[in-house]
Amino acid sequence: MFNLLQWFLGILLVWAGLSLTPMVNHMAPHPYYQADGFEVIAHGAGQGLRSKNTLEAAKHAWQLGADVIEMDIHASWDKQLLARHDETVDSTTNGQGRIRDMALAQLQELDAGFQHLPEQDFSYRGKQVRIPALRDIFKTLPKARYMLEIKPNDRQVSQLLCNLINQYDMQHKVLVTSFHSDALRAFRRGCPSVATAMTKNEITWFVLLEKIGLSHLFPVRGQAVQVPEYWSGVKVLSPSLVAALHQRGVKIQVWTVNDVEKMVQFKALQVDGLISDFPDRVLALSDEHKK
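These numbers come from a predicted model, not from an experiment. (Residues numbered from 1 in each chain as written. Predicted model: local features only at pLDDT ≥ 70, side-chain atom pairs only at ≥ 80, totals over all residues. Heavy atoms only, no water.)

Engineer: What should I look at first to understand the overall build of the protein chain in this one?
Structural biologist: Across its full length, the protein chain holds 10 helices and 11 strands. Considered along the principal axes of its C-alpha atoms, the protein chain spans approximately 75 × 45 × 40 Å. Expressed as a percentage of the 291 residues in the protein chain, the buried residues total 49%. For the protein chain, long-range pairs separated by at least 24 residues make up 62% of all intrachain contacts whose partners lie at least 6 apart in sequence. Surface exposure of the protein chain reaches about 14,500 Å², of which carbon and sulfur atoms provide 56%. Taking the 31 positively charged and 30 negatively charged side chains of the protein chain as two groups, their mean positions are separated by 4 Å. (Helix = DSSP H or I, 4+ residues; strand = E, 2+ residues; numbered from the N terminus. Buried < 20%, exposed > 50% of the residue type's maximum accessible area, 1.4 Å probe, protein only. Contact = heavy atoms within 4.5 Å. Areas by Shrake-Rupley, 256 points an atom, 1.4 Å probe, with all protein chains shown as cover. Lys, Arg positive; Asp, Glu negative; His and termini not counted. Charge placed at Lys NZ, Arg CZ, Asp CG, Glu CD.)

Engineer: What am I meant to see in the pairing of strand E2 (residues 68-75) here?
Structural biologist: The two faces of the sheet receive side chains in turn, since in a regular strand these alternate between them. Of all eight residues making up E2, eight are buried, and the element is well covered by its neighbours. Burial along E2 is two-sided: the face carrying Val68, Glu70, Asp72 and His74 and the face carrying Ile69, Met71, Ile73 and Ala75 are both buried. In terms of strand pairing, strand E1 (residues 39-42) meets E2 through two bridges, oriented parallel. Looking at E2, one finds that Ile41 is bridged to Val68. Where E2 lies against strand E3 (residues 81-83), three bridges are found, and the strand directions are antiparallel. Counted as the bridge partner of Ile73 is Ala83 from E3. Between the end of E2 and the start of E3, which pair antiparallel, lie five residues, with Lys79 showing a positive phi angle near 65°. (Pairing = 2+ DSSP bridges.)

Engineer: Help me understand the pattern of salt bridges, please; the structure alone is not making it clear to me.
Structural biologist: In a structure, side chains of opposite charge can pair up when their charged atoms sit close to one another. Per the counting criterion, the structure on display carries six salt bridges. With a closest N to O distance of 3.3 Å, Lys151 and Glu149 form a salt bridge. Judged by its relative accessible area of 11%, Glu149 is buried. Close ionic contact of Glu229 with Lys262 constitutes a salt bridge, the shortest N to O distance being 3.0 Å. In this pair, Glu229 is assigned in the loop between strand E7 (224-227) and strand E8 (230-231) and Lys262 in helix H9 (residues 260-267), connecting sequence segments 33 residues apart. Judged by its relative accessible area of 29%, Lys262 falls in the partly exposed class. (Salt bridge = Lys/Arg side-chain N within 4 Å of Asp/Glu carboxyl O.)

As structure tokens, this is what we get:
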């Protein structure tokens, strides 16, 4: 029993010493976040309102007043970047096959509005909705701000995205995210001036350390994090997590929030943005708050 008490006191002393250690680093302000305030982020370009990850959805979200257009990025067989969530075209088009096995011209022959989510909604079928090339999105909406997720764990896609952002001078209008550490590290090396989010592994370590009061020891590498309320049954979002990230100069945005009551609840936590399939609902809340 005495040995157990010594062991416990030893751990407590180590924790106390670590808790008094200064924070490892603090993220400097980035031009992507020039306007400091709450952001409405259109998930899949507002996929609850228009066909997901399409130019039509992006234009609609921008016209509504969304602050950020979130889209997913893949590369075609001929190395053209395009907006698409899945690695195949099966879920929402009238075609089948993997994106990486098809040229952009082939992909753009497909009807990207063939199957709008939720299932059995054919509102956009036959309306000339196509899988958009990322360059065309930049050309059409050059003043918009974007959150672009690299979907494949492919360093070449990271480099292609870096090149395109530089080509269209979008360095301060894009935040790049990815679940894949390798892909995001490759992007950071190629485009160090472009804002990035923390990777899944980085977020996991930060959240776990925050739960024991030691997140200040973890070196942060991104300007923002995107988290759900729960992950694998574990509560992620909390007032203490929001405070710990803000202390490090990191923005926190919550996904995917479509329920109005949850929107109100999360906004009260002082998060920096909500990622929603229905940006109009988040915008309506913001308008109500202004009245």
